[in-house]
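Chain residues, written in single-letter form:
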Amino acid sequence: MTTGFLNHSLLETWSNYEKQVRRSRREISTKNIHKLRISTQRLEAILKLVSSLKSNHNIKNVIFLIKKVRKNLGPLRDIQVEAMVLKDLKDNKFGKKSSQGFASFFSGKKATAKEKAVTCLDEISLRHERHRIRKLAKRIIEIEDRKTKSQIESELNRKIRSSLEKLNRMMTSMDPKRVKDIHRFRIRAKKLRYQGEFLNALNGSMILDLNILKQAQSVAGRIQNDSVSLGTLEQFLSKKKHSTDPRVLAVRKRIQNNQANLIDKDFKKLTALKWRTLN
């Protein structure tokens, strides 16, 4: 491990986040919003890992702000995912006799989510947050100067193992049919994967099976996407004039069957494992 690696990695991750914020401000595209949310998750994961070396109020404040950005962009990201799942319905490809209200309903949801995202992006104070990150980076340099390579690696490894234990406990108690459970699991698995990748880059040691984590994260994401799409369909069908729309009902049934298959086959197989560190 080279001196200043932690400091350099944090500043590099921050730089990527800042770049994605600016890109999203210029164009709120599906690609930009997706990349921005990933950059918030990577930054949060590294900040939490680094906080195991020294608890710092400044770290908690930055994590709070990063989480706020991710959550406020969530509705638009959900809409962008739903747009792919519900493409035929939102484009009204079935003619005027059926699903004629869904395209309008979906457009309204999209406009609301986009407005919230624009407000969120405008409210991000990059200058203020950059100042906090730089102050934190200086403190990390002090830690790297004061502690040995083995001490830092040992503390980070301990944090990873603690996070993995929490994930294992979550898997034994979660209900994959509950949207909130799936969402929390996916966020925790993704954060652990990013921390594992960071630690691997730090010392070249693979402490976690990152491929299994990525698979679980992917399956959980597809289940969650189906839940979000089903929520939108239920919201549309709750209106009396839309409650018997045959096309919407058919799409809802198809998504329900797909989700049930994902849970019973793919997800249960992965979460039946008790994941361990590799060393």
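Quick note: structure is the one above.
Residues numbered from 1 in each chain as written. Predicted model: local features only at pLDDT ≥ 70, side-chain atom pairs only at ≥ 80, totals over all residues. Heavy atoms only, no water.

*Asks:* Go over the nonpolar core, please, and point to the residues and values.
*Replies:* Y17, L47 and F185 are the most contacted members of the largest nonpolar core, which totals 70 residues. Tallying contributions element by element places helix 9 (residues 210–237) first for this core, with ten residues. (Core = buried A, V, L, I, M, F, W, Y, C linked by side-chain atoms within 4.5 Å. Buried < 20%, exposed > 50% of the residue type's maximum accessible area, 1.4 Å probe, protein only. Helix = DSSP H or I, 4+ residues; strand = E, 2+ residues; numbered from the N terminus.)

*Asks:* Got a sec to walk through the pattern of salt bridges? Specific residues and values, please.
*Replies:* What the rule picks out here adds up to eleven salt bridges. A salt bridge links K67 to E44; the nearest nitrogen and oxygen atoms lie 4.0 Å apart. Linking K67 in helix 3 (residues 57–85) with E44 in helix 2 (residues 30–50), this pair joins segments that are 23 residues apart in sequence. Judged by relative accessible area, which is 28%, K67 ranks as partly exposed. In this structure, R184 and D181 form a salt bridge, with 2.7 Å as the shortest nitrogen-oxygen distance. A residue pair is termed a helical-turn pair when its members lie 3 or 4 positions apart in one helix, as R184 and D181 do in helix 8 (residues 179–203) at three residues. Overlapping salt bridges bring together E44, K67, R70 and K191 as one network. (Salt bridge = Lys/Arg side-chain N within 4 Å of Asp/Glu carboxyl O.)

*Asks:* Report on the packing of helix 5 (residues 102–123) against helix 9, specifying residues and quantitative values.
*Replies:* In contact at an axis separation of 11 Å, helix 5 and helix 9 are set at 120° when each is read in the N-to-C sense. One way to sum up the angle between helix 5 and helix 9 is to call them oblique. Between helix 5 and helix 9 lies a crossing of right-handed hand. Contacts between helix 5 and helix 9 involve F102, F105, F106 and K109 on the former and, on the latter, T232, L233, Q235 and F236. Classifying every residue of the contact of helix 5 with helix 9 by side-chain character gives five nonpolar, two polar and one charged. (Axes fitted to C-alpha atoms, helices over the stretch in contact; angles between N-to-C directions. Parallel < 35°, antiparallel > 145°, perpendicular 65-115°, else oblique. Left-handed = near helix turned anticlockwise from the far one by under 90°. Contact = heavy atoms within 4.5 Å. Nonpolar A, V, L, I, M, F, W, Y, C, P; charged D, E, K, R; others polar.)

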